[in-house]
Structures are given as C-alpha cells and as structure tokens.
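# Structural overview for review
One letter stands for each residue in the lines below.
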Amino acid sequence: MELFEALRTRSSVREYRDEAIPEDKLERLKEAALLAPTSLNLQEEKFCFITDKTVLDQIGKKMIEVSRQREEWDYIERLSQRDWKVFFGAPLLIVIGVNPKNNYIDVDAGIAAQSICLAAKALGLESVIMAAPDRVFTGPMAEEFNALVKLPEGYRFAIAVAVGYGAHPFRPHELKPENIITV
C-alpha cells in the first residue's frame, strides 16, 4: 500500500477479530518501530510486543480495577458497552517505553506510534493508539507492570498501540482544511 493511501484510509479501530497476527507481520511491525526517527538519533525507546492473552488480560483487568477506584465512570461505561474489552479484542499490544533522561522522549514515542500504525495499515492490519494503559504503568503499580512486560528498569510508559485485524470496516476521520494555516 502506498503511503498516502495508508494515511487516507487509516483509522482508530476499536473492534478486532480474534485472529493472531502472523510472525512475518509481527517482524515487519518491529522493523517499523525501529525505523522511526528519534531526537538526536538516540534510539532509546523500548518496544514491548505483547501477544500473550494471559498478560493482556492481567493488564486489562487491573486497568478496570484502577478506573473503578478512581471513579472514572465514563470510561467504565464505555468498557461495559464493549464487553469489557480494554484492548478492543486486539491480539497485540505494543507498549512503548522511554528513557526519562531524554528531553524529547514523548515526541519520539509519538513518532514511533505513528510509524507502527502506518506499517500496520500497509500490512492489512488496523490499529489504535492508546494512553489508557498508563493506569497500570504509572503510579504505585508501575514497577510490577513494567516487569510483567519486561520494560527495563529506568524506563517509563509513554504510549501503547493495539494492533489486529479489524472486525468490520471503519471510516477515517473527516478532514478539516480550516485547520491548515499558511503564513
């Protein structure tokens, strides 16, 4: 798939088929993560590719628990409407961890997330960028969950990307040309 076609057709998919991603596509997604440019070419992100359903369930259940403790009732309501599928049924969650010593880590993580999403689309997969896992990867449980996904000591959660085969077609967002400012 051509780059601009991937950009035009990609959307944040929030429902996936129960279908594993083949190893060759996983390897291409890993390559896309590593190809993402970084500030000063430091290449300090860590990419935790999680396909183990037990680990995904453990993260998801704890996210729900934390959301209840925080009384995030709007999020809980949305989860209940989708059968408590925190990751929308995606078979892959990529947690992007960053070294907090780098000033531009969050920008670098965002660039990597977009690279992964575009590569997923080009491979016939769908994706959604997620901040919600911060509920377990930050705060008092950070050490436990960082260890669960093998995020190295000293690194912190930045963002995650859920990837899989979309359950049905999704429409990309409509463009707003008025958001472009030319000087």
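On to the packing of helix α2 (residues 23-35) against helix α5 (residues 105-122). The contact between α2 and α5 brings their axes to 8 Å, and the two run at 145°. The interaxial crossing formed by α2 with α5 has right-handed handedness. Between α2 and α5, the contacting residues are L29, A32 and A33 on the first element and S115, I116, A119 and A120 on the second.

This brings us to the sheet that holds strand β1 (residues 46-50). Spatially, β1-β2-β4-β3 is the arrangement adopted by the four strands of the open sheet, whose pairing is antiparallel. This sheet does not close on itself; its edge strands, each paired only once, are β1 and β3 (126-130). Ignoring which end each strand starts from, the neighbouring axes of this sheet average 20° apart. Strand direction decides the pairing type here: β3 and strand β4 (residues 156-164), joined by five bridges, are antiparallel. The partner of E126 across the bridge, within β4, is G164.

Each value, and the rule that gives it
- Residues numbered from 1 in each chain as written.
- Predicted model: local features only at pLDDT ≥ 70, side-chain atom pairs only at ≥ 80, totals over all residues.
- Heavy atoms only, no water.
- Axes fitted to C-alpha atoms, helices over the stretch in contact; angles between N-to-C directions.
- Helix = DSSP H or I, 4+ residues; strand = E, 2+ residues; numbered from the N terminus.
- Left-handed = near helix turned anticlockwise from the far one by under 90°.
- Contact = heavy atoms within 4.5 Å.
- Pairing = 2+ DSSP bridges.

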